[in-house]
Amino acid sequence: MILLDILARVFISILALAGFFVAFHIYKEKREKKPLICPMRFDCNAVVNSDYSKFFGIPVEIFGMFYYLAVFLSYIFIAFLPSILPVWFVLIVAFISISAFLFSIYLILIQIFALKTYCSWCLVSAFISTCIFVLTLYAYDFSSLFGLLLK
């Protein structure tokens, strides 16, 4: 069982690294003012340059790069040095993963209902975020942690 936990955490790190490169690709193309080419023939430019492409004035892809980098580094530490990390650290990382999953849902809903167009890169990032969320739920038994919080 411990090997499966380590593998899940390593896989989360790999997903986070992939997510970082997706967010970085969007960032780089926007910064260089190049048209973002969508592999699925969606209108990525309309999405990544829309009014919804910033959150609190910060481009969403920058949030994505920081999120994915933080998850990557955190899960490398969690996978290989779990005994030196306090429980609250794992809770914070899990909370961030849950928040990113919910934010991804929000951004997909924006694409569906407000923009009525899609970005393949954004959907890939949302998929990666969802996988990280699901694997986070798998990798930890949060019932005991919630019991500690309720005491």
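Here we summarise the structure given alongside this text. (Residues numbered from 1 in each chain as written. Predicted model: local features only at pLDDT ≥ 70, side-chain atom pairs only at ≥ 80, totals over all residues. Heavy atoms only, no water.)

### Looking at the overall build of the protein
Secondary structure summary: the protein contains 6 helices and 2 strands in total. Along the chain direction, N to C, the helices and strands of the protein fall in the order α-α-β-β-α-α-α-α. The C-alpha extent of the protein, read off along each of the three principal axes, is 50 × 30 × 25 Å. Looking at the protein as a whole, 38% of its 151 residues qualify as buried. Partitioning the contacts of the protein with sequence separation of at least 6, the portion at a separation of at least 24 is 75%. Total accessible area on the protein is roughly 9200 Å²; 76% of this is exposed by carbon and sulfur atoms. (Helix = DSSP H or I, 4+ residues; strand = E, 2+ residues; numbered from the N terminus. Buried < 20%, exposed > 50% of the residue type's maximum accessible area, 1.4 Å probe, protein only. Contact = heavy atoms within 4.5 Å. Areas by Shrake-Rupley, 256 points an atom, 1.4 Å probe, with all protein chains shown as cover.)

### Considering a nonpolar patch on the surface
On the surface, L69, L73, I76, F77, F80, L81 and I84 cluster together into a nonpolar patch covering about 650 Å² of accessible area. By the element assignment, I76 lies in helix α3 (residues 60-80). On the basis of relative accessible area, I76 is assigned to the partly exposed category, the value being 31%. (Patch = residues over 30% accessible without salt bridge, like charges linked within 9 Å, V, L, I, M, F, W, Y side chains within 5 Å. Salt bridge = Lys/Arg side-chain N within 4 Å of Asp/Glu carboxyl O.)

### Structural notes on the state of the cysteines
Enumeration over the complete set of coordinates arrives at 1 disulfide. Disulfide pairing places C38 opposite C44 at an S-S distance of 1.3 Å. The disulfide joining C38 to C44 has a torsion of about 85° about its S-S bond and is therefore right-handed. Its relative accessible area of 9% is what places C38 among the buried residues. (Disulfide = S-S within 2.5 Å.)

### Quick notes on the environment of G19
Tracing the backbone shows G19 in helix α1 (residues 2-31). A sequence separation of 17 residues divides G19 from I2, and the C-alpha atoms of the two residues are 26 Å apart. Filtering out sequence-adjacent residues up to four positions away, G19 remains in contact with Y68 and I128.

### Describing the pattern of salt bridges
Across all of its chains, the model carries 3 salt bridges by this definition. Close ionic contact of E29 with K28 constitutes a salt bridge, the shortest N to O distance being 3.9 Å. When its relative accessible area of 10% is taken as the criterion, E29 is described as buried. K34 is paired through a salt bridge with E32; the nearest N and O atoms lie 3.2 Å apart.

### Section: the nonpolar core
V71, Y75, C119 and I132 are the most contacted members of the largest nonpolar core, which has 26 residues in total. Of all elements in the fold, only α1, α2 (44-48), α3, α4 (87-115) and α5 (120-139) reach the threshold of two or more residues within this core. A per-element tally of this core places α1 first, with 6 residues. Those residues in contact with C119, other than ones at most four positions away along the chain, are L36, C38, F42, C44, V47, V48 and Q111. (Core = buried A, V, L, I, M, F, W, Y, C linked by side-chain atoms within 4.5 Å.)

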